[in-house]
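Residue-level structural notes
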Amino acid sequence: MLKKTKIVKKESIAENLAEAGEIIRRGGLVVFPTETVYGLGANALDERAVKSVFEAKGRPQDNPLIVHIAEYSQLEALVADVPEKAKEAIEMFWPGPLTLLFNRSPLVPLTTTGGLETVAIRMPDNQVALDLIKESGRPIAAPSANISGKPSPTNAEHVILDLFGKVDMIIDGGDTEFGMESTVLDLTGKVPTILRPGSVTKEQLALIFDDVEYDPALQDASSTPRSPGQKYKHYSPEAEVKVFVGDDESVYLKMLQEEARYISRGCNVCVLTVTENVDKFVSKNVLDLGSRDSLEDVAKNLFEALRKCDNLKADIIIAQGFEDKGIGKAIMNRLGKAAGGNVEHL
Ligand code: TXA
Ligand code: MG
């Protein structure tokens, strides 16, 4: 059934917050900005509302949602316990793009956790998100506000394309700050484990934890990822995607070669590359991901660039890859999924 979607522009957010909170309380859906990407929000404790989130996105039922809170005091009711390690991480990174796993309290429906006994929680660092959570008086379950499988939305236009008519309200807070989702960290086991690389890097986490590991499934496709979302094809534009990683010169030469090969076949080619190389390609669709010296910019621009390739009706996307460290790890995780694993190391 089609819903009537109210779009709230930046300048009128304040006067619409009460209505947004009311929508959440009565089991409706509100899309809101966070510092990472836009979230598709519902009352995390209302099973029916949470079910409608899965429906609106076309999301598999076993892929759990992140619960967003605005105050530390909201945490206690949602979790069985708060381990010491989690307290340190919260102190350092909340509000911010770090999602932590806890053993869930019975208050959190299994629909929200995709049937798991753990619940993922974060406190976003975005005033509109925090105000909405407070106004609603509820913890808000929110996956990224895209149709399942598509790149996450970093502005309201992306959201409108994917979800207009499927949600009650879309709050337009402009471009998101990070453009890359939160890091999902599991502190319920012995060793802190990153289940999804994101805006908080392993290097930053190592400032407070002696040993931090990546879930082995992030490298090895044959083991089962502990973050269910990691097993699905994701971030996928319509076109085929090829990613090339290695030293600058080899990557650039290989990309040029590939570009020429596809153009000669009559394909509509999109090139995703760094600012330094934009002028070196010949096809008309060369998209600038940002400077190779500022991977934060690349992280911020990536999803928008993948969506642009769809608008340009690309047949093939030839993309520059990056070193697997710092925020580069999250960028490569998303690019690798967009490419369905089609990543060549030179
Ligand atoms: O930055 C973000 O995290 C954004 C904004 C809106 O907060 N949200 C987001 O949600 O990216 P979503 O649903 O697109 O991704 C959540 C990820 C999925 O990979 C999911 O499998 C994982 O977190 N996750 C959630 N709960 C989990 C749990 N209990 N155990 C393991 N993984 C979990
Ligand atoms: Mg998502």
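Concerning the sheet that holds strand β3 (residues 39-43)
Pairing between the strands of a sheet comes from backbone hydrogen bonds, and it takes one of two forms, parallel or antiparallel. In spatial order, the strands read β1-β8-β2-β3-β7-β4-β6-β5-β9-β10-β11; together these eleven strands make up an open sheet with mixed pairing. Looking along the sheet, the strands with just one partner apiece sit at the ends: β1 (6-8) and β11 (213-214). As paired strands, strand β5 (residues 98-103) and strand β9 (residues 183-186) are joined by four bridges and run parallel to one another. Within β9, the position partnered with T99 by the bridge is V184. Packed on one face of the sheet, helix α1 (residues 13-25) meets β1, β2 (30-32), β3, β7 (140-141) and β8 (169-171) and runs near 140° to β8.

Remarks on the sheet that holds strand β13 (residues 269-273)
Within the open sheet, the five strands sit side by side as β14-β13-β15-β12-β16. Their pairing is parallel. One side of each edge strand has no neighbouring strand; the edge strands of this open sheet are β14 (285-288) and β16 (343-345). Direction aside, neighbouring strands of the sheet carry axes that sit 20° apart on average. Sheet topology note: the strand β12 (residues 240-245)/strand β15 (residues 316-320) ladder contains five bridges and is parallel. In the sheet register, K242 faces β15, and the bridge partner there is I318. Packing against the sheet, helix α9 (residues 328-338) makes contact with β12, β15 and β16, and its axis sits at approximately 140° to β12.

A look at the nonpolar core
W94, L100, F102 and I121 are the most contacted members of the largest nonpolar core, which totals 63 residues. Counting residues in hydrophobic clusters, the runner-up holds 31 residues, among them V241, V274, C309 and A339.

Topic: the site of ligand 1
Not every one of the 27 residues close to ligand 1 is listed here, only the nearest: T36, N63, H68, S182 and G229. Measuring from an oxygen atom of ligand 1, one finds a backbone N or O atom of G229 at 2.8 Å. Here ligand 1, which alone exposes 680 Å², has 98% of that area covered by the protein. Here the shell around ligand 1 takes three residues from strand β6 (residues 118-122), the largest share from any one element. Taken together, the residues that form the shell around ligand 1 break down as 13 nonpolar, nine polar and five charged.

The rules behind these values
- Residues numbered from 1 in each chain as written.
- Chains lettered and ligands numbered in written order.
- Predicted model: local features only at pLDDT ≥ 70, side-chain atom pairs only at ≥ 80, totals over all residues.
- Heavy atoms only, no water.
- Pairing = 2+ DSSP bridges.
- Helix = DSSP H or I, 4+ residues; strand = E, 2+ residues; numbered from the N terminus.
- Contact = heavy atoms within 4.5 Å.
- Axes fitted to C-alpha atoms, helices over the stretch in contact; angles between N-to-C directions.
- Core = buried A, V, L, I, M, F, W, Y, C linked by side-chain atoms within 4.5 Å.
- Buried < 20%, exposed > 50% of the residue type's maximum accessible area, 1.4 Å probe, protein only.
- Near = heavy atom within 4 Å.
- Polar contact = N/O pair within 3.5 Å; in protein donor to acceptor, adjacent residues only side chain to side chain.
- Areas by Shrake-Rupley, 256 points an atom, 1.4 Å probe, with all protein chains shown as cover.
- Nonpolar A, V, L, I, M, F, W, Y, C, P; charged D, E, K, R; others polar.

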